[in-house]
Protein chains: 2
Amino acid sequence: MKASLRDISERTGVSITTVSRVLNDKGDEFRISKETQKKIFFTAKELNYVPNQTGVNLQSGKTRTIALIVPGLVNPFFANVASSIATEIQGTGYNTLITDSNENIEIEKDELKQMISRNVDGIIIASAGHDGSHINKIDDMGIPIVCIDRYFDNLQVPFVATDNFLGAEMATDHLLKRGHNHIACIQGAMHSMPNKIRIKGFEHTMNRYGIQDCTITGSDFTVQNGYTETLLLLQNKPFPTAIFTLSNTIALGCMKALKENNVRVPEDVSLITFDNHPYLDYLSTPLTCVAQPFQDICRIAIRLLFSMIDKEDLTTKQVLLRPEILVRNSVKRI
Amino acid sequence: MKASLRDISERTGVSITTVSRVLNDKGDEFRISKETQKKIFFTAKELNYVPNQTGVNLQSGKTRTIALIVPGLVNPFFANVASSIATEIQGTGYNTLITDSNENIEIEKDELKQMISRNVDGIIIASAGHDGSHINKIDDMGIPIVCIDRYFDNLQVPFVATDNFLGAEMATDHLLKRGHNHIACIQGAMHSMPNKIRIKGFEHTMNRYGIQDCTITGSDFTVQNGYTETLLLLQNKPFPTAIFTLSNTIALGCMKALKENNVRVPEDVSLITFDNHPYLDYLSTPLTCVAQPFQDICRIAIRLLFSMIDKEDLTTKQVLLRPEILVRNSVKRI
DNA sequence: ACTTTTCGAACAATCGATTGTTCAACTTAT
DNA sequence: ATAAGTTGAACAATCGATTGTTCGAAAAGT
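Residues numbered from 1 in each chain as written. Chains lettered and ligands numbered in written order. Predicted model: local features only at pLDDT ≥ 70, side-chain atom pairs only at ≥ 80, totals over all residues. Heavy atoms only, no water.

Student: Can you explain the protein's contact with DNA strand D? Please cite residues and give values.
Tutor: Inspection of the region around DNA strand D gives 28 residues, with Leu 5 of chain A together with Ser 15, Thr 18, Ser 33 and Thr 36 of chain B positioned closest. Restricting attention to atoms of DNA strand D within 4 Å of the protein, one finds that 53% of them are sugar or phosphate atoms. A distance of 2.8 Å separates a phosphate oxygen of DNA strand D from a polar backbone atom of Asn 52 of chain A. Arg 21 of chain B places a side-chain nitrogen or oxygen 2.9 Å from a base nitrogen of DNA strand D. Classifying every residue of the surface near DNA strand D gives nine nonpolar, 14 polar and five charged. (Near = heavy atom within 4 Å. Polar contact = N/O pair within 3.5 Å; in protein donor to acceptor, adjacent residues only side chain to side chain. Nonpolar A, V, L, I, M, F, W, Y, C, P; charged D, E, K, R; others polar.)

Shown next, in the form of structure tokens:
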């Protein structure tokens, strides 16, 4: 079905070597006659020849493939990341192999193994794990890998993420400055670094304003979590004057619970969230948010990865990017 | 860095053959002594051996990889599709190679070539093209391929898509039944089959209600297009009583233009769109839409593809799935 | 006329894994 | 003691492409 060098070699009567050289535009370099070259090109076209990368890879050890492992494409943030990375890598001559670990560390480890097995040239990962030892192991094997969004203490590989402390600080500050001091924070996966840092930023800012006890609740980055926690929050007296959700998915669940209970935003409660989304502008109450610079994260991660692939020395290995607060109408001044 | 069979062979003093057989659990079958087996397993673990798929592939001709080519991950519909497919394929022992053609047929052709080159076992594609000849060519080469969402006349490969005629009919019917007869339709890529069929469904339903001239405008599935066309529409007198957008992206642009011009939905104009999205429930006016069964599309496409890979005969090759209308509050009865 | 260049292309090894065949060495049977 | 059988493992070819080396034959130089 698919033609190989051998097929062309047999059709033209010249050796595989010669065919290979001609098709790699080394015909002149190796003094293959114009006539032979023409014959080879013609036959290659005729047989619809496409080089078998497997062969090339085996020979070169390179696959020209970058793997991207994310904890969940259902999360618009990671969908955006995947889209950005795929698009950025396009045209570099590399392909992108995308997989989804579903926030499951075992699946993630298996995928990592698969990628090594497939000889990918580099890996970009937003890890679902609690620590980075399995990622350091990849690094030890000499496989270029960079972390995005999620990172760990003692991580020996480069990472690129939002400055989550700053982001949480900005959001909390925004609320406090508008008179809120009873703020509930609905968090995501507690072990994840972005979550931990955001919580730190939240608490730090609260403390700075002299507020010691903070309401922090929730357990993962899902719509369900946002929904459940908000429902629980609604039982409390007094109800907080503002809610700070740590992801778009949590915000979605939160809004669902609020709507079902006829709690209005921002009249009854103010709302601010991590993550931007095109729809936030058109919500019944346009949602104020902390936008992560996901495009820059992707671009820089790719840049770092390619540097590693090219065996260049990395001067900066840990990049935290400034988020941006987009003020819409979900926070009331009280 | 990475250990190969040869490394294990050298460390243990047995041949590569024996190592290969033991690691493939064929040790007993080939009467390799327990002792030797133990030694091999131990060394493999010690060296952190992971089989090099490139070698396996070359030998077997299989890569256990499925390629997915979509015209744009920025479109939430395709992000959902990508997520679904990646998730569904997970655990089948296959990996998913996702690429984005950016609605560009040249990029798409190039990607297709890449996939062939990489020996993928099968391809799922939502093509950006105007016709299916390049896809038939893949089929001719004996590479399993199935189309989703976008398909063509004379396509010789299986496809799975929404029943777009029905979807457009449902939407149009919904508007007409509520007293709208001045309806503007903002379409997407005119050459694409889903768009063509939706337009047909729209016109057919309008005609059924005795309305002959339909306003159809727009040219691609982008936010920008929805924005521009709505702006243009706003110049018209009389302004339509309802707008039917053929994708979520177009709807987003449309809403932007309406908002900027203080046109209220549904008081001043009713709005209905193709494609559902989690946020639609929380918009200032929750948006009535025609939801595509993207999960089923993905599942069936994968099913068909695996049947082709397994060389089974396909009884049904063309699947159109019933969409669902989700009634919210963006259509006013007049 | 004989040696040296140049030309045009083939040989053969290699990458990593798989697999049909072969082959010693030892055991058992005759 | 010799033939037959069993054990345990190695040999070698193969998949597709690349690449350093080699090798005839024709052309040029002496």
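Student: Would you mind going over the packing of aromatic side chains in detail, with residue names and values included?
Tutor: Two aromatic rings, taken as a pair, are described by how far apart their centres are and by the angle between their planes. Tallying each qualifying case throughout the model produces 11 aromatic pairs over all chains. An angle of 5° between the planes, with centres 4.0 Å apart, marks the rings of Tyr 151 of chain B and Phe 159 of chain B as stacked. Among the aromatic residues, those joined into a ring-pair cluster are Phe 202, Phe 244 and Phe 274 of chain A. Lying across the ring of Phe 30 of chain A, Arg 21 of chain A places its NZ or CZ 3.9 Å from the centre. (Phe/Tyr/Trp six-rings, centres within 6.5 Å; stacked < 30°, edge-to-face > 60°. Lys NZ or Arg CZ within 6 Å of the ring centre and 35° of its normal.)

Student: Provide a residue-level description of the protein's contact with DNA strand C, including the pertinent values.
Tutor: Surrounding DNA strand C, one finds 28 residues, the nearest of these being Ser 15, Thr 18, Ser 33 and Thr 36 of chain A together with Leu 5 of chain B. By atom count, sugar and phosphate contribute 53% of the portion of DNA strand C lying within 4 Å of the protein. The contact in question runs from a base nitrogen of DNA strand C to an N or O atom on the side chain of Arg 31 of chain A, over 2.7 Å. Contacts to DNA strand C include Asn 52 of chain B, whose backbone N or O atom sits 2.8 Å from a phosphate oxygen. Per-class residue counts for the surface near DNA strand C are nine nonpolar, 14 polar and five charged.

Student: Could you give an account of the sheet that holds strand β3 (residues 122–125) of chain B, with specific residues and numbers?
Tutor: Residues and elements named next belong to chain B. Taking strand neighbours across the sheet as the criterion, the six strands line up as β2-β1-β3-β4-β5-β11 in an open arrangement whose pairing is parallel. Each end of this open sheet is capped by a strand with a single partner; those strands are β2 (95–100) and β11 (318–321). Strand-to-strand, the axes of this sheet are offset by a mean angle of 15°, without reference to chain direction. Bridge analysis of β3 against strand β4 (residues 145–148) gives three bridges, and the strand direction is parallel. If you follow Ile 124 over to β4, its bridge partner there is Val 146. (Pairing = 2+ DSSP bridges. Helix = DSSP H or I, 4+ residues; strand = E, 2+ residues; numbered from the N terminus. Axes fitted to C-alpha atoms, helices over the stretch in contact; angles between N-to-C directions.)

Student: Report on the pattern of salt bridges, specifying residues and quantitative values.
Tutor: All names here are of chain B. Counted by the stated rule, this structure contains 22 salt bridges over all chains. The partner of Asp 28 in a salt bridge is Lys 34, and the shortest N-O contact between them spans 2.9 Å. An identical accessibility class is assigned to Asp 28 and Lys 34; each is exposed. Notably, a salt bridge pairs Arg 150 with Asp 149, separated by 3.4 Å at the nearest N-O pair. Both residues of the pair, Arg 150 and Asp 149, belong to the buried class. (Salt bridge = Lys/Arg side-chain N within 4 Å of Asp/Glu carboxyl O. Buried < 20%, exposed > 50% of the residue type's maximum accessible area, 1.4 Å probe, protein only.)

Student: Got a sec to walk through the domain arrangement of chain A? Specific residues and values, please.
Tutor: It is common to give the size of an interface as the accessible area lost on bringing the parts into contact. Taken domain by domain, chain A comprises domain 1 (5–51), domain 2 (59–162 + 294–322) and domain 3 (164–292). Each of domain 1 of chain A and domain 3 of chain A has a C-alpha centre, and these two points are 64 Å apart. (Domains from an automatic or database assignment.)

Student: I'd like a rundown of the nonpolar core, residues and numbers included.
Tutor: The biggest cluster of nonpolar side chains holds 78 residues, and the ones touching the most others in it are Phe 244 of chain A together with Phe 244 of chain B. Excluding residues within four positions of it along the chain, Phe 244 of chain B makes contact with Ala 168, Ala 171, Thr 172, Leu 175, Ile 183, Ala 184, Cys 185, Ile 186, Phe 202, Ile 272, Thr 273 and Phe 274 of chain B. Of all hydrophobic cores here, the second largest spans 58 residues; its members include Ala 126, Cys 298 and Ala 301 of chain A together with Ile 309 of chain B. (Core = buried A, V, L, I, M, F, W, Y, C linked by side-chain atoms within 4.5 Å. Contact = heavy atoms within 4.5 Å.)

Student: Give a description of the packing of helix α1 (residues 5–12) of chain A against helix α2 (residues 16–23) of chain A that names residues and reports values.
Tutor: All names here are of chain A. Two numbers describe how α1 lies on α2: the axes approach to 8 Å, and their chain directions differ by 110°. When the interaxial angle is binned, α1 and α2 end up roughly perpendicular. Contacts between α1 and α2 involve Leu 5, Arg 6, Ile 8, Ser 9 and Thr 12 on the former and, on the latter, Ile 16, Val 19, Ser 20 and Leu 23. Its residues placed into classes, the contact of α1 with α2 shows five nonpolar, three polar and one charged. (Parallel < 35°, antiparallel > 145°, perpendicular 65-115°, else oblique.)

Student: Tell me about the interface of chain B and chain A, and name the residues and values.
Tutor: Tallying the contact residues gives 56 residues for chain B and 56 residues for chain A. Here chain B meets chain A over a buried area of about 4,900 Å², counting both sides, of which 57% is carbon and sulfur. Considering only the side of chain B, the residues that lose the most area to chain A are Lys 2, Tyr 279 and Tyr 282 of chain B, jointly responsible for 16% of the buried surface there. Linking chain B to chain A there are zero salt bridges. For the side of chain B that touches chain A, the element with the highest residue contribution is helix α6 (residues 105–117) of chain B, accounting for seven residues. Partitioning the side of chain B that touches chain A into residue classes produces 24 nonpolar, 22 polar and 10 charged. (Buried area = accessible area lost by both parts, 1.4 Å probe.)

Student: Summarise the pairing of β11 of chain B; cite the residues concerned and give the values.
Tutor: Residues and elements named next belong to chain B. Every second residue of β11 is oriented toward a common face, the buried set being Val 319 and Leu 321 and the non-buried set Gln 318 and Leu 320. Here strand β5 (residues 159–162) runs beside β11; their pairing, made up of four bridges, is parallel. Considered in β11, the bridge of Thr 162 is made with Leu 321.

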